[in-house]
Amino acid sequence: MVAEEVTNRAVSFESYRQRITNFSNEFDLGLFFYILKRSMPVVVLVLLLAGASAALYLRYTVPVFESKAVLQLGETNTAKQVLLMSSYGEEQNMSVDLIFMRSRLFLGMALDRLPLQLSYFNRGQILTEEYYKYSFFRLEDLVLTDSAVMDVPIYLDFTLPGKAEVSYTANGRPYKSTVQRGSIIPMPHFTGRLVVHEHPILSDPDAQSTFYLKINSRDKLLDKYASQVWINSQDFATKSIDIVCRDSNPWVARDLAQALAQTYIDYDLHRQSSSAANVIEFIRTQKDTAYRELRDSEYTMQNLQGENRVADMEALTPLLLERSERYEDELVRLTLDVVLLKGL
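Throughout what follows, the structure given in this document is the object of discussion. Note that the coordinates shown come from a computational prediction; the quantities given were computed from them, not determined experimentally. (Residues numbered from 1 in each chain as written. Predicted model: local features only at pLDDT ≥ 70, side-chain atom pairs only at ≥ 80, totals over all residues. Heavy atoms only, no water.)

What follows deals with the overall build of the protein chain. The helix and strand inventory of the protein chain stands at eight helices and 12 strands. Long-range contacts, defined as pairs at least 24 residues apart, comprise 62% of the intrachain contacts of the protein chain with a sequence gap of at least 6. Of the roughly 24,000 Å² of accessible surface on the protein chain, a fraction of 57% belongs to carbon and sulfur atoms. (Helix = DSSP H or I, 4+ residues; strand = E, 2+ residues; numbered from the N terminus. Contact = heavy atoms within 4.5 Å. Areas by Shrake-Rupley, 256 points an atom, 1.4 Å probe, with all protein chains shown as cover.)

A separate point is the packing of aromatic side chains. For the structure on display, the rule yields 17 aromatic pairs. Both rings, one in phenylalanine 100 and one in phenylalanine 106, keep their centres 5.4 Å apart while their planes meet at 65°; by these two values the pair is edge-to-face. Summarising the burial analysis for this pair, phenylalanine 100 and phenylalanine 106 share the class buried. Ring pairs connect the aromatic residues Tyr120, Tyr131, Phe136, Phe137, Phe158 and Phe211, which therefore count as one cluster. Over the ring of tryptophan 230 we find arginine 246; its NZ or CZ atom is 4.7 Å from the centre of that ring. (Phe/Tyr/Trp six-rings, centres within 6.5 Å; stacked < 30°, edge-to-face > 60°. Buried < 20%, exposed > 50% of the residue type's maximum accessible area, 1.4 Å probe, protein only. Lys NZ or Arg CZ within 6 Å of the ring centre and 35° of its normal.)

Read across the sheet, three strands follow the order 4-9-8 without closing on themselves; strand pairing throughout is antiparallel. Every interior strand has two partners, whereas the edge strands, strand 4 (137-144) and strand 8 (184-186), have only one. Strand-to-strand twist across the sheet, computed as the mean angle between neighbouring axes with direction ignored, equals 25°. Taken together, the three bridges between strand 8 and strand 9 (residues 190-196) define a ladder with antiparallel strand orientation. Looking across to strand 9, one finds that proline 186 is bridged to threonine 191. (Pairing = 2+ DSSP bridges. Axes fitted to C-alpha atoms, helices over the stretch in contact; angles between N-to-C directions.)

What follows deals with unusual backbone geometry. Residue aspartate 141 is not a glycine yet carries a positive backbone phi of 55°. If you check the backbone angles, asparagine 171 has positive phi at about 55° while not being a glycine. With respect to the helices and strands, the residue asparagine 171 is situated in the loop between strand 6 (163-170) and strand 7 (173-180).

This part takes up the pattern of salt bridges. Inspection of the entire model under this criterion finds 10 salt bridges. The partner of arginine 193 in a salt bridge is glutamate 140, with the nearest N and O atoms 2.9 Å apart. Of the two residues, arginine 193 is situated in strand 9 and glutamate 140 in strand 4; the sequence distance between them amounts to 53 residues. Here arginine 193 falls in the partly exposed class, since its relative accessible area comes to 27%. (Salt bridge = Lys/Arg side-chain N within 4 Å of Asp/Glu carboxyl O.)

Here we come to the pairing of strand 7. Pairing geometry for strand 6 and strand 7, over eight bridges, is antiparallel. Note that in strand 7 the partner of alanine 170 across the bridge is arginine 173. Once strand 6 ends, the chain turns through two residues before running back antiparallel as strand 7, passing asparagine 171 with a positive phi of about 55°.

Bringing the sheet that holds strand 11 (residues 229-235) into the picture now. The strands that make up a sheet are held in pairs by hydrogen bonds between backbone atoms, and each pair lies either parallel or antiparallel. An order of 1-12-11 is seen for the three strands of this open sheet, with the pairing classed as antiparallel. Whereas interior strands pair on both sides, the edge strands pair on one side only; in this sheet they are strand 1 (65-72) and strand 11. Adjacent strand axes in the sheet meet at a mean angle of 20° when their direction is disregarded. Here strand 11 runs beside strand 12 (residues 240-247); their pairing, made up of six bridges, is antiparallel. Looking across to strand 12, one finds that isoleucine 231 is bridged to isoleucine 243.

Given below as structure tokens:
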């Protein structure tokens, strides 16, 4: 059996060596280099096309910036510290806090801290840039008279020196007005003062930009930023929470992450202060109750002393015991009389 296995291995090795020999005989190195040389232009063209596609993608794709904040939750039971109780009310729960922080209510509280009522944009041939707080044109003293203009692009044309042309479409009807820069815009749906600062793009004849602004509604803001915010637990052991915000404007991403973190900190401080206030009120109530009970007990003892003409309360004890025994004897006698009367 061993001899048969050795013979099979020898045959396999001989067959493998024969295949290697045939490949070496059939492979033409010169032909390989010839094909490679003829195919080189195609290879270079494919590489150039790939590089150009990557450059165009990077050039005309809106970059997305990410900002991150980390919160470490601390659990503080105010009642347990003050009253030395095992529990008082509901303890802070990390899962409950996560659910609250992921809600639209919490997001709305954070968005209220940011200047997002108005958004300013510069739309080029391909990309659109949001100016956020750093816009050279701003609409101040806004008075909204009709919500139909909310979330609608309000276009601004600064072609005329010292003037601005305002145009938009609401409810399918176009509106247009030309006003002096820095003056009040008397539009049917809103009024405001348009302030325009000097900017190089205004004097650039080759600039092909379209400027516009939006009066944002709260629901649209919540819908937009709800998909750009991620709040997750980093580590349950350390009670750490990650707040991640993404936006095409780096300042929006940064400010939103900071606003979310600060909103939770303020909410937690308010919750702890409310708990402490409730504990103090509870202590004050218990103190007043104990004071009233002690005072009533003192009045009762004084009345008892006066009724029994006892100057020393220790002397009152035998009298009370004697009366108690007399009452018990009278109760036994009356009980026997009742039994005898029932037997007649």
